[in-house]
Amino acid sequence: MNEAFPDIQKIQYEGPKSKNALSFKHYNADELVGGKKMKDHLRFGVAYWHTMRNTLSDPFGVGTAQRPWDDGTDSIANAQKRARVCFEFMEKLGVDFYCFHDRDVAPEGKTLAESNTNLDAVADVLEAEQQRTGKKLLWGTACLFAHPRYCQGAATSPNAGVFAYAAAQVKKALEVTHRLGGEGYVFWGGREGYATLWNTNMKRELDHLARFLHMAVDHAKKIGFTGQFYIEPKPREPSTHQYDSDAAACLNFLREHGLMEHLKLNIETNHATLAGHTMRHELEVAAAAGALGSIDANTGDELIGWDTDQFPTNIYLTTQIMLALLKAGGFTTGGLNFDAKVRRESFEPVDLFHAHIGGMDAFARGLKIAQAVIEDGRLDDFVKKRYATFDSGIGAKIEKGEVGFAELEAHVLQFGEPFLASGRQEFLENLINEFV
Ligand code: XUL
Ligand code: CO
């Protein structure tokens, strides 16, 4: 096959002084940070749906993307060619992982059987390319939101036939993920929610969603898939309200339905901000529950209220993400999947490289800064000291459950007003800026 990116060589680390736009200034795959290689900390992934399939259309205009290797048809040959192009892209970029939805890689057929055959035909190429290059599948998923049958939801559709179709589709997607050695499988419930409560039995829909996830867990056991399941929170879009609206809502749902041991969270930056949270908040909520699994790395635009899925370039953001991740012990099965697309104005193939290089460099800097902040120790030390009154005396008794209201009343009557220390927000913000 002719190369899809004939003018682009493998992207090299050239250091911060390089003026070569097609080089890494900070991401140096084998460089050790805190005793671990950068590539093992960061575990970057390419999102097939954006990088290979996004035409860059928006609600006001058609796609602009120039992808000379793609003939624009839904043929299997075209789908297989795209798969090879994706691996050329990953090889030249030096990214080890990719993620896909079933319908990104292969076209939906007229029947489920036809769709499954199509998926197998492209999986043959994906498998061969993985073997050729050593690249790996970070996670697979099923697209349960694009086809008209899913317009009222998939696992939460009011129609049992749709539920069954979604189950059959996930069964196949899971089997293909397993065949490709996928390290995880994601559930993002784009239409698992409602457009209006006037026509919705919320309790019944939530019970159905839980049933669906239990069936997935059962099927994974049956086929021997031991990868990690993830649920990806997002508050809305395309639904008015998505049941997996944020990390806390997901955790509550998983606990209520006995699913905590089976699923972790895949946290996405733009979804966090749409939910009215910072990314760091969502990561800390997940980490506190031992459920921080993977990250969809992107960013929104402060001035646009949609899921714009932009590439992350803000060092302050990547620093916060890497601090939260390092403190949670880093990735095991998860990674940083660039669930991000180039802007509609950036339509040339080379823009895919600029976008990913920028995101990778931004995370490399975030990693180095986060590691430096941790090694410096002043931030941790401050936070630890802030809670020092709970380390001994009455505070320790509160934490151990040794006192109740009566003892605490006696404490106040004896000692009077507590002495409160400053929160020192500005001091800490300045401290972080020493490193950024
Ligand atoms: C949509 C989104 C999805 C999931 C996978 O906002 O993030 O692409 O990551 O279905
Ligand atoms: Co995502």
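What counts and how
Residues numbered from 1 in each chain as written. Chains lettered and ligands numbered in written order. Predicted model: local features only at pLDDT ≥ 70, side-chain atom pairs only at ≥ 80, totals over all residues. Heavy atoms only, no water. Helix = DSSP H or I, 4+ residues; strand = E, 2+ residues; numbered from the N terminus. Rg over C-alpha atoms; globule rule 2.2 N^0.38 Å. Contact = heavy atoms within 4.5 Å. Areas by Shrake-Rupley, 256 points an atom, 1.4 Å probe, with all protein chains shown as cover. Lys, Arg positive; Asp, Glu negative; His and termini not counted. Charge placed at Lys NZ, Arg CZ, Asp CG, Glu CD. Donors = N, O, S within 2.8 Å, 3.2 Å for Na, K, Ca; no water. Tetrahedral: all angles 85-135°; square planar, octahedral: opposite > 155°, others 65-115°. Salt bridge = Lys/Arg side-chain N within 4 Å of Asp/Glu carboxyl O. Buried < 20%, exposed > 50% of the residue type's maximum accessible area, 1.4 Å probe, protein only. Near = heavy atom within 4 Å. Polar contact = N/O pair within 3.5 Å; in protein donor to acceptor, adjacent residues only side chain to side chain. 1 Å grid on protein atoms, 1.4 Å probe; cavity = no way out; pocket = protein on both sides within 12 Å on 5 of 7 lines; lining within 4 Å. Sits in = over half its atoms within 2 Å of the grid points. Nonpolar A, V, L, I, M, F, W, Y, C, P; charged D, E, K, R; others polar. Domains from an automatic or database assignment. Phe/Tyr/Trp six-rings, centres within 6.5 Å; stacked < 30°, edge-to-face > 60°. Lys NZ or Arg CZ within 6 Å of the ring centre and 35° of its normal. Expected span 1.5 Å × (residues − 1). Pairing = 2+ DSSP bridges. Points joined across faces, edges and corners; volume = space filled by probe spheres on them.

1. Let's talk about the overall build of the protein
Line of reasoning, step 1. Helix and strand content of the protein: 16 helices and 14 strands.
Line of reasoning, step 2. A compact globule built from 436 residues should have a C-alpha radius of gyration of about 22 Å, and the protein, at 24 Å, falls within 12% of that.
Line of reasoning, step 3. In the protein, 76% of the contacts between residues at least 6 apart in sequence involve partners at least 24 apart.
Line of reasoning, step 4. Counting every atom, the protein has about 20900 Å² of accessible surface; 53% of that belongs to carbon and sulfur.
Line of reasoning, step 5. Where the 47 positive side-chain charges of the protein centre and where its 59 negative ones centre are 3 Å apart.

2. Regarding the coordination of the cobalt ion (ligand 2)
Line of reasoning, step 1. Taken together, the protein donors to the cobalt ion (ligand 2) comprise Glu232 (OE), Glu268 (OE), Asp296 (OD) and Asp339 (OD), at separations of 1.9 to 2.2 Å.
Line of reasoning, step 2. Classification of the site at the cobalt ion (ligand 2) rests on its six donor atoms, whose angles at the metal span 80 to 173 degrees, yielding the label octahedral.
Line of reasoning, step 3. Mapping the donors of the cobalt ion (ligand 2) onto the primary sequence gives the spacing E-x35-E-x27-D-x42-D. Linking glutamate 232 in the loop between β10 (228-231) and β11 (241-242) with aspartate 339 in the loop between β14 (336-338) and α12 (349-376), this pair joins segments that are 107 residues apart in sequence.

3. Quick word on the pattern of salt bridges
Line of reasoning, step 1. Here the structure, examined in full by the defined rule, presents 24 salt bridges.
Line of reasoning, step 2. Ionic pairing is found between aspartate 96 and lysine 135, a salt bridge with its closest N-O pair at 3.9 Å. On the criterion of sequence distance, the pair formed by aspartate 96 in the loop between α3 (76-93) and β6 (97-101) and lysine 135 in the loop between α5 (112-133) and β7 (136-141) is long-range, its members being 39 residues apart.
Line of reasoning, step 3. By relative accessible area, which is 30% here, aspartate 96 ends up partly exposed.
Line of reasoning, step 4. The exposure class assigned to lysine 135 is buried, which follows from its relative accessible area of 10%.
Line of reasoning, step 5. Among the charged side chains, a salt-bridge network with shared partners connects Asp102, Arg103, Glu108 and Arg149.

4. Focus on the site of ligand 1
Line of reasoning, step 1. The local shell around ligand 1 consists of Trp49, His101, Trp139, Trp188, Glu232, Lys234, Glu268, His271, Asp296, Asp307 and Asp339.
Line of reasoning, step 2. Between tryptophan 49 and ligand 1, the recorded distance is 3.3 Å, taken from a side-chain N or O atom to an oxygen atom.
Line of reasoning, step 3. One of the side-chain nitrogen or oxygen atoms of histidine 101 is found 2.7 Å away from an oxygen atom of ligand 1.
Line of reasoning, step 4. For ligand 1, the protein covers 94% of the area, taking 290 Å² as the surface of the free molecule.
Line of reasoning, step 5. Of all the cavities here, the one that holds ligand 1 is the largest pocket.
Line of reasoning, step 6. Split by residue class, the shell around ligand 1 holds three nonpolar, two polar and six charged.

5. Side note on the domain arrangement of the protein
Line of reasoning, step 1. Entries for the protein in the domain assignment read domain 1 (12-376) and domain 2 (380-433).
Line of reasoning, step 2. With centres defined by C-alpha atoms, the gap from domain 1 to domain 2 works out at 40 Å.

6. Concerning the packing of aromatic side chains
Line of reasoning, step 1. For the structure shown, the criterion picks out 20 aromatic pairs.
Line of reasoning, step 2. Ring plane angle 70 degrees and centroid distance 4.8 Å describe the contact between phenylalanine 145 and tryptophan 188, whose orientation is recorded as edge-to-face. Placement of the pair is phenylalanine 145 in the loop between β7 and α6 (160-179) and tryptophan 188 in the loop between β8 (184-187) and β9 (193-194), with a sequence separation of 43 residues.
Line of reasoning, step 3. Overall, phenylalanine 145 belongs to the buried group, its relative accessible area being 18%.
Line of reasoning, step 4. Directly above the ring of tyrosine 165 sits arginine 149, whose terminal nitrogen or CZ lies 3.7 Å from the centroid.

7. Topic: helix α11 (residues 315-327)
Line of reasoning, step 1. Along its 13 residues, α11 runs 18 Å from first to last C-alpha, staying within 8% of the 18 Å computed at 1.5 Å per residue.
Line of reasoning, step 2. With respect to burial, α11 is a largely interior element, ten of its 13 residues being buried.
Line of reasoning, step 3. Where α11 is concerned, the buried positions are Ile315, Leu317, Thr318, Thr319, Ile321, Met322, Leu323, Ala324, Leu325 and Leu326.
Line of reasoning, step 4. For α11, the N-terminal cap is asparagine 314; the gap from its side-chain oxygen to the backbone nitrogen of tyrosine 316 is 2.9 Å.
Line of reasoning, step 5. Where α11 terminates, the next one or two residues include glycine 329, which has phi positive at roughly 95 degrees.

8. Quick notes on the side chain of threonine 141
Line of reasoning, step 1. Here threonine 141 is to be found in strand β7.
Line of reasoning, step 2. Ignoring any residue separated from it by four or fewer positions in sequence, one finds threonine 141 in contact with Phe100, His101, Asp102, Ala173, Tyr185 and Val186.

9. Let's talk about the pairing of β10
Line of reasoning, step 1. Side chains Gln228 and Tyr230 project from β10 onto one buried face, and the interleaved Phe229 and Ile231 project onto a second face that is buried too.
Line of reasoning, step 2. With four bridges connecting them, β8 and β10 associate as parallel partners. Opposite glycine 184, over in β10, you have glutamine 228 as the bridge partner.
Line of reasoning, step 3. Taken together, the three bridges between β10 and strand β12 (residues 263-268) define a ladder with parallel strand orientation. Looking at the pairing, phenylalanine 229 lines up with leucine 263 of β12.

10. Describing the layout of surface pockets
Line of reasoning, step 1. Roughly 1300 Å³ of volume is contained in the largest pocket.
Line of reasoning, step 2. Every residue lining the largest pocket is counted, 42 residues in all, and those nearest its centre are Trp49, His50, Asn54, Phe145 and Lys341.
Line of reasoning, step 3. Residue assignment for the lining of the largest pocket shows that the elements contributing at least two residues are α2 (48-51), α4 (102-105) and β7.
Line of reasoning, step 4. A class-by-class count of the residues in the lining of the largest pocket yields 15 nonpolar, eight polar and 19 charged.

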